[in-house]
Amino acid sequence: MPTHDIVVAGGGHNSLTTAAYAARAGYDVAVVEANEVVGGNTRTQEHTVPGLKQDTCSTAHNLIQASPTLKEDELGLLSDYGLTYLHPDPVLTVPFDDGTSITMWQDREKTAEQFAKFSEADAEAYLQLLDDYKEVAPHYTRARYQAPKEGSVQDEIANAPNGDEWVRRSLESPKDIIERRFEHEKSRAFIAYLAALTVQPIERVGGGLRAFSLAYGRQKNSWVLPEGGSGELPRALMDCIEDHGGTIYAGHPVEEIEVTDGRATAVKTADGTRFEARDALVSTIHVKHLVKVLPDEAVPDDFRRGVENWKAGIAFFAAHFAVEEPPAYETEEGPQQCVAMGTASSVESLIEGSRAFHRGELPLDDPFILSLSPTIADETRRAEGLHSYKLVSELPYELARDESWDDIKEDVTEQLLDRVREFAPNLTEDKVVDVSIHSPVDYERLNPHCWHGTCHGGDYTPEQYGDRRPVKGYENYRGPVEGLYMTGACTWPGGSVSAAPGRNCAVALLEDLGPGIEAGIRSD
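Note that the structure is a prediction, hence the values are computed from the model and not measured.

Chemist: Help me understand the overall build of the chain in this model?
Modeler: The helix and strand tally for the chain stands at 16 helices and 20 strands. Rg of the C-alpha trace for the chain: 22 Å, near the compact-globule value of 24 Å for 524 residues, within the 12% margin. The buried share of the chain, taken over its 524 residues, is 63%. Relative to all contacts within the chain whose residues are 6 or more apart in sequence, the contacts with residues 24 or more apart total 72%. Surface accessibility of the chain: about 19300 Å² in total, with carbon and sulfur atoms responsible for 45%.

Chemist: Explanation requested: unusual backbone geometry in the structure shown.
Modeler: Glycine aside, residues mostly have negative phi angles, and peptide bonds mostly take the trans form. The linkage connecting Arg469 with the following residue, Pro470, adopts the cis geometry, with an omega of 0°. For Pro470, the position within the fold is in the loop between helix H15 (440-446) and strand S20 (484-486). Put simply, Trp492 and Pro493 share a cis peptide bond, and its omega is 0°. Within the fold, Pro493 resides in the loop between S20 and helix H16 (500-513).

Chemist: I'm lost on the environment of Thr343 in this one. Help?
Modeler: Checked against the element boundaries, Thr343 lands in the loop between strand S16 (340-342) and helix H13 (347-358). Given the relative accessible area of 3%, Thr343 is considered buried. A sequence separation of 104 residues divides Thr343 from Asn447, and the C-alpha atoms of the two residues are 27 Å apart. Once you skip the residues sitting within four places of it in the chain, Thr343 turns out to touch Tyr193, Leu350, Pro367, Phe368, Ile369 and Phe423. Looking at Thr343, its side chain comes within polar contact range of the main-chain oxygen of Pro367, at 3.0 Å. At a separation of 3.1 Å, a polar atom in the side chain of Thr343 contacts the main-chain amide nitrogen of Ile369.

Chemist: Got a minute to help me understand the nonpolar core in this structure?
Modeler: Buried together is how nonpolar side chains tend to be arranged in soluble globular proteins. Ranked by internal contacts, the top residues of the largest apolar core, which has 110 residues, are Leu77, Leu92, Tyr126, Phe190, Tyr193 and Trp223. Take this core: its biggest share by element is eleven residues, from helix H4 (residues 120-144). Contact partners of Tyr193, with chain neighbours within four places excluded, come to Leu92, Val94, Met341, Gly342, Thr343, Ala344, Leu350, Phe368, Ile369 and Leu370. In this structure, Ile257, Phe275, Leu290 and Val481 belong to the second largest nonpolar core, which totals 29 residues.

Chemist: What am I meant to see in a negative patch on the surface here?
Modeler: A cluster of acidic side chains, namely Asp89, Asp107, Glu109, Glu113, Glu120 and Glu124, defines a negative patch on the protein surface. Elements with a contribution of two residues or more to the negative patch: helix H3 (108-116) and H4. If you trace the backbone, Glu120 turns up in helix H4.

Chemist: What's the story with the pattern of salt bridges in this structure? I'm lost.
Modeler: Oppositely charged side chains can form a pair if their charged atoms are brought close together. As enumerated under the stated definition, the model contains 37 salt bridges in all. For the salt bridge of Glu463 with Lys311, the shortest nitrogen-to-oxygen distance reads 2.8 Å. With Glu463 in the loop between H15 and S20 and Lys311 in the loop between helix H12 (301-308) and strand S13 (316-323), the pair connects residues that are 152 residues apart, well separated along the chain. Its relative accessible area of 35% is what places Glu463 among the partly exposed residues. Owing to a relative accessible area of 39%, Lys311 belongs among the partly exposed residues under this scheme. Each of Glu165, Arg168, Arg169, Glu172 and Arg180 takes part in a single network of salt bridges with overlapping partners.

Chemist: I'm lost on the packing of helix H1 (residues 13-24) against helix H10 (residues 232-243) in this one. Help?
Modeler: Packed helix pairs are specified by the crossing angle of their axes together with the interaxial distance, meaning the distance between the axes. At a closest axis distance of 9 Å, the pairing of H1 and H10 adopts a crossing angle of 25°. In terms of orientation, H1 lies roughly parallel with respect to H10. With respect to the hand of their crossing, H1 and H10 are arranged in left-handed fashion. Here His13, Leu16, Thr17, Ala19, Ala20, Ala23 and Arg24 of H1 come into contact with H10, specifically with Leu233, Pro234, Leu237, Met238, Cys240 and Ile241.

Chemist: Got a minute to help me understand the packing of aromatic side chains in this structure?
Modeler: Geometry of an aromatic ring pair is reported as the spacing of the ring centres plus the angle between the planes. Taken as a whole and assessed by the stated rule, the structure comprises 14 aromatic pairs. Ring geometry for Phe115 and Tyr126: centres 4.7 Å apart, planes at 20°, overall stacked. With a gap of eleven residues between them, Phe115 in helix H3 and Tyr126 in helix H4 connect regions that are remote in the sequence. Overall, the relative accessible area of 0% leaves Tyr126 in the buried class. Joined through ring pairs, the aromatic side chains of Phe115, Tyr126, Phe182 and Phe190 make up one cluster. Of note, Arg169 hangs over the ring of Trp166, and the distance from its end group to the ring centre comes to 4.3 Å.

Chemist: How should the side chain of Thr100 be read in this particular structure?
Modeler: With respect to the helices and strands, the residue Thr100 is situated in the loop between strand S6 (92-95) and strand S7 (101-104). In this structure the side chain of Thr100 is engaged in a polar contact, spanning 2.6 Å, whose partner is the side chain of Asp98. If near-sequence neighbours (up to four positions away) are discounted, Thr100 is found in contact with Pro95, Phe118, Lys186 and Glu332.

What counts as what
Residues numbered from 1 in each chain as written. Predicted model: local features only at pLDDT ≥ 70, side-chain atom pairs only at ≥ 80, totals over all residues. Heavy atoms only, no water. Helix = DSSP H or I, 4+ residues; strand = E, 2+ residues; numbered from the N terminus. Rg over C-alpha atoms; globule rule 2.2 N^0.38 Å. Buried < 20%, exposed > 50% of the residue type's maximum accessible area, 1.4 Å probe, protein only. Contact = heavy atoms within 4.5 Å. Areas by Shrake-Rupley, 256 points an atom, 1.4 Å probe, with all protein chains shown as cover. Polar contact = N/O pair within 3.5 Å; in protein donor to acceptor, adjacent residues only side chain to side chain. Core = buried A, V, L, I, M, F, W, Y, C linked by side-chain atoms within 4.5 Å. Patch = residues over 30% accessible without salt bridge, like charges linked within 9 Å, V, L, I, M, F, W, Y side chains within 5 Å. Salt bridge = Lys/Arg side-chain N within 4 Å of Asp/Glu carboxyl O. Lys, Arg positive; Asp, Glu negative; His and termini not counted. Charge placed at Lys NZ, Arg CZ, Asp CG, Glu CD. Axes fitted to C-alpha atoms, helices over the stretch in contact; angles between N-to-C directions. Parallel < 35°, antiparallel > 145°, perpendicular 65-115°, else oblique. Left-handed = near helix turned anticlockwise from the far one by under 90°. Phe/Tyr/Trp six-rings, centres within 6.5 Å; stacked < 30°, edge-to-face > 60°. Lys NZ or Arg CZ within 6 Å of the ring centre and 35° of its normal.

Right, here's the structure in full:
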């Protein structure tokens, strides 16, 4: 029976982050991961042809750039373990049906010129939007990298210059802010598309900062790519863990968390192996599954009730292609290759797509699309001259019609690809070498943490936000059983590649064990 100081159930980037801080602090750490490939939603695999590196889920690593983990290189991921990031230019293009487009470039003035094609006022409004958000960005980052308390997010924002105004903006919807600041329909559609990338409806009140944050983050950092693929982040974290005496056990699905005398003491995996923890267990198991692997009598009623009401939110559909050449999108300046492309006919089309999603319908006439070609910027991902291409859409897990995703996913892929070809006519059928499709149901099969096809743990409705994530009273990363800690996308601040839940969990864990987070931070 393997015995360690700390046993971590799950090998996503957040649980690996917690494990890395604990290992650096001197604890004997074990990570027990279900999949043979560690990384959760930050995996890079060969989904089509051998050697072609393709990101299974996440591709952009923007949020993590502001984390102390990377910004201060606290774990040595950049300096000691070879994690390298690329900043492509152009960043993103959004083409429109009439042949016009808006492209984001690393040069903010050059990006503003794109808005000026439609409205000089909107060009100024874009620059103002960036300057305005710069006031509150550090405060919002601080709110993300700490355990939330009641009102803590709003309290932190209130400390920014013009804090009262920022609190008011945060309580609005992105749609309200966008339509007040921009006058032209295409300017509005571009900013609304960026806001929609946060996988929340743009008309939802309480998310007003999303009208600023994606535009600000992409403009500041580009569409940040880890060189070699998204899986380079978990690879660097595993190297750090193992260098400090930790152990990674892949291919061991956790089926049970054992509780002895009211304390979590071990995990039991599908093959019957028990991993015993002397000091603590850390779980990145989705909360909907966590209550099932714990003994019934060990789960408090308030935690169980909160989990019963958990909402999944937006689900994802992705098709991974091997192509002979990446798409070149039609713009006024001519065909343009770009790492990222998005479709946004109008603000209204984005809203209708969101409503169709929640009705269980497939809005394939004018779908939400994120089109990704990372091998344009990263040659290390290519294989035999082939490029990777990923076509992503937000489509419902549960379908309103009596249909099965397994039966329709090929047809859905063709319809989405036809839409992309309206903007990238070079992406002809003969350029496609192979394809692998992941429906929302497939994502759940690939990673149980993608409950109901969402890669972000769950929705960001008010009852699943801030100090109510995952459940009120359990927002500080300490689980429903003594000795059990929680991390991952179900905890604050949620999904995306930020390492925030992982670092925040490490803070709580190492504070309780004694040495504090400082013991896990690299010293020069």
